[in-house]
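Okay, here's what each chain looks like letter by letter:
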Amino acid sequence: SKGGMMGIETKFKFKSKAASLLVGVSMLAMSSTASGLETLPEDKSMSGMKIELVGRDDLWTYKSCDNYNESPLTKSYVDAGKLPPVNERMPKEPWMAKTDQMVDGIGEYGGTFRHVIGGRPEGFNWLAGQSQGWGGINIQLMESLTRLGPLWQIKPDEANPLPNLAKDWEWSSDRKSLTMNLIEGARWSDGDIFDTEDIDFWWNDNVQDANVASRLPKDALGAGTTLEILGPYSFKFNFDEPKGNAVLAQLAYMGGAPGPSHVMKPLHPAHNSDATYESYANGMPASVLPIVTLGAYVPVVHKVDELMVMKRNPYYWKVDEECNQLPYYNETIYKLTSWDDRTTQALAGTGDFSNMENPGNYVEALKQNKDPNSPVKSVFGTRLIAWDLMMNLSSDFGVSSDYERELRQLFRNVEFRKAISHAMDRDTMGQSVARGPFFHPHAGGFVAGSPFHNFEDSIYYGYNASGANSILDGLGLKDSDGNGIRNLPNGGADLVIDILHSSTRSTDIKLADAAVSMFEAIGIKPVLKPSDNTDAFTDNGNWSMFIAREHWVVATKNIGDRLPTTTQNPAWHRDNGGDLLPFEETLVEKAKGILATNDLSEVASLARDIQRVRTENVYTVGLIQAPAALLINKRIKNNHPGAPVYMYEWAEDGVMRERLYTPKADQLDEFLPGVLAEYK
Ligand code: BQZ
């Protein structure tokens, strides 16, 4: 209502005066460094970690055994005639974990592993992009062709994507085709054989069908890429130009995860005239269990907003070197609460795992480390978690008014983006999230802990509010109606800008709150737009600015998420066909170079170019970056020291959960003892 607006205006004006006074003071300290192209100052890493790197073949291999051992739980089902003997449930050459890299050796069967997550299962159709709630549940269910997480432990010059469902592959000499060989005889959790029928369905009816919101976008491997099935366990990608190992990174989690075609084909419009793409996408509802998976565990109970219980997959295709079928735990549960609660429960010992990524918990975690009886020990890694402010660079996508259309043109002006960067007081932002040495300013793009990051490549438009104000004056954005808010040129509307942010992540909320006074100090009125589903806005384009966690660690990974290599990415420039800014064209060329090479040193050099181009042009406004700490309960064995919360993939993939176990004496009772998933 008008009255309400007036109230906000008055309060708003007062605050902006106070804010500008504040800025004035800290400005003096800054002006001496306000020069041309500054680069990001070096950080002092908090990580005391020394990681012993190994070769790419030192973690696992593929090898058959004469006889396999199994858990008492699956054995009870064999004895009851409900399962075939374990020797008939294993592939020809199972994936075999090497004991040398299992710090606590061969494990013991039994017990439960307790995850706590903040997400919620949308459904089980991951081929159509549905998430099961993040926090490790997706990674546990979606086994992919290649695997990235464990690369944190691999020597950099061998750190090409690791084999998983694809046990090996070969490039043609002209690198225009890639032949991949699947593990032979692995089975879905209902006993159905996993083979190239599943690959065909994944690629042709999901990835290449633009009506399906697959995680690997259509043409992400290059337009014109086709799949040729060579036999039940081998297939070939044919490319229209030479490609490199970055293609293999796109075939890891999430984009490279096939689905059970014997279950899903009948739901797909291409194979069922009664089906629609809508009914297909929602064809595996989170309420219908058990589902069919290749993962280590099968969901059997889902209590909405409360709990997901998953039991070991009797057909899991992995073993240890003593031919014991993995995993060791009979069960894993996911408590469905909040991300902050995940860390709270890990610190309290009622949860077994947390990526401590909410710096608001860090001080408590450090205090608790001093307690020898603490259930976990927090070991901080390098700075791998970062937050950015993104601006919607799409000229048309999601625009619903002339004002918004004009706003988008402003966002597409690099001078405006520089002004917003100069307006961000990153020290104040960091301290508003957590007091202490955790934060360092972020320039966007690669985080400081990335093996691809060099500080001299990160062009940094640091805090300089007066510099910001003079840029905005220069852009003709004057306060033409004297209400304390700048106006669009020629007496246009007040500059009132919505800022989307997560309503369920305390760090995002604090950053958005801290940004308000910084926008007011440069005469822009921010309107915070908290949401528990920000993906919905970035998917329909109905947003202007967006503060969110956005961190890039590995150049060959998520290229499609972070560079405009398809018309639908990145999230802050969707529908970008014919709409790319000049520097984005350069980013596309660099990205193609990364996808086309097999030379890791060339990837590193292209990554440096990308970092310079995207920070100099403020592709996103980097805000702050922080280390994270992986919290795993001390009762969990084979938790390799030094595993980062996130590097090539999240820790849930990096720690290799299929090797984790708890000795009998410390095992926790299962929620559903004696139970396995049973299919009708
Ligand atoms: C880690 C991760 C495992 C997604 C998600 C969540 C989604 C994003 C991101 C992280 C959660 C945890 O991150 O925060 O620590 O366990 O799940 O998948 O933020 O909203 O869309 O990209 O990975």
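Higher on the page you've got the structure.
All values reported here derive from a predicted model rather than from experimental measurement. (Residues numbered from 1 in each chain as written. Predicted model: local features only at pLDDT ≥ 70, side-chain atom pairs only at ≥ 80, totals over all residues. Heavy atoms only, no water.)

Assignment of secondary structure puts Asp240 in the loop between strand S9 (234-238) and helix H5 (246-250). Judged by relative accessible area, Asp240 falls into the partly exposed class, the value being 41%. Along the backbone, Asp240 and Arg383 are 143 residues apart, and their C-alpha atoms lie at a distance of 38 Å. Asp240 has contacts with Lys176, Ala223 and Gly224, leaving out every residue within four places of it along the chain. (Helix = DSSP H or I, 4+ residues; strand = E, 2+ residues; numbered from the N terminus. Buried < 20%, exposed > 50% of the residue type's maximum accessible area, 1.4 Å probe, protein only. Contact = heavy atoms within 4.5 Å.)

A separate point is the site of the ligand. Near the ligand you find Trp134, Gly135, Gly136, Trp339, Arg342, Asn355, Glu357, Arg505, Arg549, Trp650 and Glu652, and these make up its full shell. For the ligand, an oxygen atom lies 2.9 Å from a polar atom in the backbone of Gly135. The side chain of Arg505 places a nitrogen or oxygen atom 2.7 Å from an oxygen atom of the ligand. Surface burial for the ligand is 78%, taken as the share of its 470 Å² of free accessible area covered by protein chains. Counted by class, the shell around the ligand contains three nonpolar, three polar and five charged residues. (Near = heavy atom within 4 Å. Polar contact = N/O pair within 3.5 Å; in protein donor to acceptor, adjacent residues only side chain to side chain. Areas by Shrake-Rupley, 256 points an atom, 1.4 Å probe, with all protein chains shown as cover. Nonpolar A, V, L, I, M, F, W, Y, C, P; charged D, E, K, R; others polar.)

In this fold, His268 is placed in the loop between helix H6 (261-264) and helix H7 (277-281). Apart from residues lying up to four places away in sequence, His268 is in contact with Phe201, Asp205, Asn206, Asp209, Val212, Ala275, Tyr277 and Tyr280.

Here we come to a negative patch on the surface. Taken together, the side chains of Glu52, Asp57, Asp58, Asp100, Glu321 and Glu322 make up a negatively charged region of the molecular surface. Of note, Glu322 is situated in the loop between strand S12 (318-320) and strand S13 (331-336). A relative accessible area of 49% places Glu322 in the partly exposed class. (Patch = residues over 30% accessible without salt bridge, like charges linked within 9 Å, V, L, I, M, F, W, Y side chains within 5 Å. Salt bridge = Lys/Arg side-chain N within 4 Å of Asp/Glu carboxyl O. Lys, Arg positive; Asp, Glu negative; His and termini not counted. Charge placed at Lys NZ, Arg CZ, Asp CG, Glu CD.)

Our focus in this paragraph is the pairing of S9. Pairing analysis gives five bridges linking strand S7 (residues 177-182) to S9, with the strands arranged antiparallel. For Leu178, the partnering residue across the bridge sits in S9 and is Phe237. The loop that links strand S8 (residues 226-231) with its antiparallel partner S9 comprises two residues. (Pairing = 2+ DSSP bridges.)

Residue Pro290 is reached from Leu289 by a cis peptide bond, and omega for that bond is -5 degrees. If you trace the backbone, Pro290 turns up in the loop between H7 and strand S10 (297-303). We note that Cys323 has phi near 60 degrees; this positive angle belongs to a residue other than glycine. Within the secondary structure layout, Cys323 lies in the loop between S12 and S13.

Turning our attention to the pattern of salt bridges. Taken as a whole, this structure holds 36 salt bridges when the rule is applied. Glu456 is paired through a salt bridge with Arg608; the nearest N and O atoms lie 3.0 Å apart. Here Glu456, found in the loop between strand S16 (440-441) and helix H13 (465-474), pairs with Arg608, found in helix H18 (residues 600-616); they are 152 residues apart in sequence, far enough to count as distant. Classification of Glu456 as partly exposed rests on a relative accessible area of 47%. What emerges from the salt-bridge pattern is a single network uniting Glu456, Asp457, Lys590, Arg608, Asp609 and Arg612.

By themselves, these are just geometric observations and shouldn't be taken as functional.
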